[in-house]
Amino acid sequence: MIEFIDVEKTYANNVKALQNINIKIDKGEFVAVIGLSGAGKSTFIRCINRMHDITQGEIIVDGIQVGALKGEQIRTYRKRIGMIFQSFNLVTRTTVLKNVLVSFVPELSLWRKVTGLFTKEQKIKALTALDQVGILDKAYVRVDQLSGGQQQRVALARTLAQNPDIILADEPIASLDPVTSKQVMDDFRRINQDMNISLIMNIHHVEMALEYAERIIGVREGQIVYDGKASEVTEEV
Ligand code: ADP
Ligand code: ADP
């Protein structure tokens, strides 16, 4: 479970990106965080895996006080949390499989040195993850030969290969066309349901959020202004 207790985040330029955030998200939920650009959505999810430090309050994830983690503990903690970005963050000049294998290597610089040095078990795990998102047949294709939707699936497979408890997705479909967006959202839904992975997704596309997520958190000017079931949303939030 993820719990925010009186969380506040003020950036160095004095922008209050989050204020008075009190919220609980249970294991296995599919949450869409919606709101205008600059509302604080990205800050909200990036505080969960300590990409950002909060200024006040506490974030507790499965009993772990996230703010108290240090060095190696942060890296261990982050392994349980997958992160998906709008821009996929893949190494485009190499194969799909190598991009997924990278999840087993703590640092990219190290990965560059070890090209090819992975265990059979890791390779099977990576191929299984590619199968889970329906692109096993692309394993040996270079990433820059794939469509945007396929690239986002590679990113998803890379995350799945590390067996996360939680996936954070920051505008994962913002650069995809509507048809591809739906395919990627179908993947997210399947992963959430079949693997009981908690999914917290920033999305500015409200209809898509309502169609796919179970719970909607609306953010405005750093505050939560709506929190409820997607099925109960009756007007624009
Ligand atoms: P959203 O994801 O909803 O677009 P963000 O969380 O990115 O919102 O931003 C919330 C507010 O915090 C905005 O006013 C933004 O300009 C500001 N902000 C975001 N990141 C930083 C940063 N690293 N330094 C300073 N201000 C930031
Ligand atoms: P995203 O696409 O995730 O919303 P942005 O384009 O808003 O990212 O911001 C890109 C980077 O700049 C992020 O690391 C964010 O934290 C930072 N940033 C965003 N707004 C500001 C700001 N007003 N001042 C300084 N840094 C910012």
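Residues numbered from 1 in each chain as written. Chains lettered and ligands numbered in written order. Predicted model: local features only at pLDDT ≥ 70, side-chain atom pairs only at ≥ 80, totals over all residues. Heavy atoms only, no water.

- Naming follows an unreviewed UniProt entry, where the protein chain appears as Phosphonate transport system ATP-binding protein of Gracilibacillus kekensis.

**Topic: helix 5 (residues 120-132)**
Then, in step 1: Taking 1.5 Å of rise per residue, 13 residues should cover 18 Å, and helix 5 covers 18 Å from first to last C-alpha, within 8% of that figure.
Then, in step 2: If you check which residues of helix 5 are buried, you get Ala 126, Ala 129 and Leu 130. The arc enclosing the buried residues of helix 5, seen along the axis, measures out at 100 degrees, which places them on a common side. Facing away from the buried side of helix 5, by more than 90 degrees, are the exposed residues Lys 120, Glu 121 and Ile 124.
Then, in step 3: Taken together, the buried residues of helix 5 touch helix 3 (96-101) and helix 6 (148-160).
Then, in step 4: Just downstream of helix 5, Gly 134 is the residue with a positive phi angle, here 75 degrees. (Helix = DSSP H or I, 4+ residues; strand = E, 2+ residues; numbered from the N terminus. Expected span 1.5 Å × (residues − 1). Buried < 20%, exposed > 50% of the residue type's maximum accessible area, 1.4 Å probe, protein only. Arc of directions from axis to C-beta. Contact = heavy atoms within 4.5 Å.)

**Focus: the nonpolar core**
Then, in step 1: Leu 130, Ile 167, Met 185, Phe 188, Met 201, Ile 203 and Ile 216 are the most contacted members of the largest nonpolar core, which has 45 residues in total.
Then, in step 2: Listed by contribution, the elements that provide at least two residues to this core are strand 3 (30-34), helix 3, helix 5, helix 6, strand 7 (166-170), helix 7 (178-195), strand 8 (198-202) and helix 8 (206-212).
Then, in step 3: If one sorts the elements of this core by residue count, helix 6 sits on top with 5 residues.
Then, in step 4: Residues contacting Leu 130, with those up to four places away along its chain left out, are Val 96, Leu 97, Val 100, Ile 135, Leu 136, Ala 139 and Ala 157.
Then, in step 5: Counting 28 residues, the second-largest nonpolar core is a separate cluster that includes Ile 2, Phe 4, Ile 23 and Ile 217. (Core = buried A, V, L, I, M, F, W, Y, C linked by side-chain atoms within 4.5 Å.)

**Overview of the sheet that holds strand 5 (residues 64-65)**
Then, in step 1: Taken in spatial order, the 4 strands line up as 2-1-4-5 in an open sheet, and their pairing is antiparallel. Edge positions in the sheet fall to strand 2 (16-25) and strand 5, since each has one partner strand and no second.
Then, in step 2: With 2 bridges connecting them, strand 4 (residues 56-61) and strand 5 associate as antiparallel partners. Considered in strand 5, the bridge of Ile 60 is made with Gln 65.
Then, in step 3: Relative to strand 2, helix 1 (residues 41-48) is tilted by about 55 degrees, and along the sheet it contacts strand 1 (2-10), strand 2 and strand 4. (Pairing = 2+ DSSP bridges. Axes fitted to C-alpha atoms, helices over the stretch in contact; angles between N-to-C directions.)

**Focus on the pattern of salt bridges**
Then, in step 1: Counted by the stated rule, this structure contains 14 salt bridges.
Then, in step 2: Across the salt bridge formed by Asp 53 and Arg 50, the nearest N and O atoms sit 2.5 Å from each other.
Then, in step 3: Given a relative accessible area of 15%, Arg 50 falls into the buried group.
Then, in step 4: Asp 186 is the partner of Arg 189 in a salt bridge, and the nearest nitrogen-oxygen pair spans 3.9 Å. Of the two residues, Arg 189 and Asp 186 are both situated in helix 7; the distance of 3 residues between them amounts to about one turn of the helix.
Then, in step 5: Ionic contacts of the salt-bridge type, sharing partners, join the residues Glu 29, Arg 215 and Asp 227 into one network. (Salt bridge = Lys/Arg side-chain N within 4 Å of Asp/Glu carboxyl O.)

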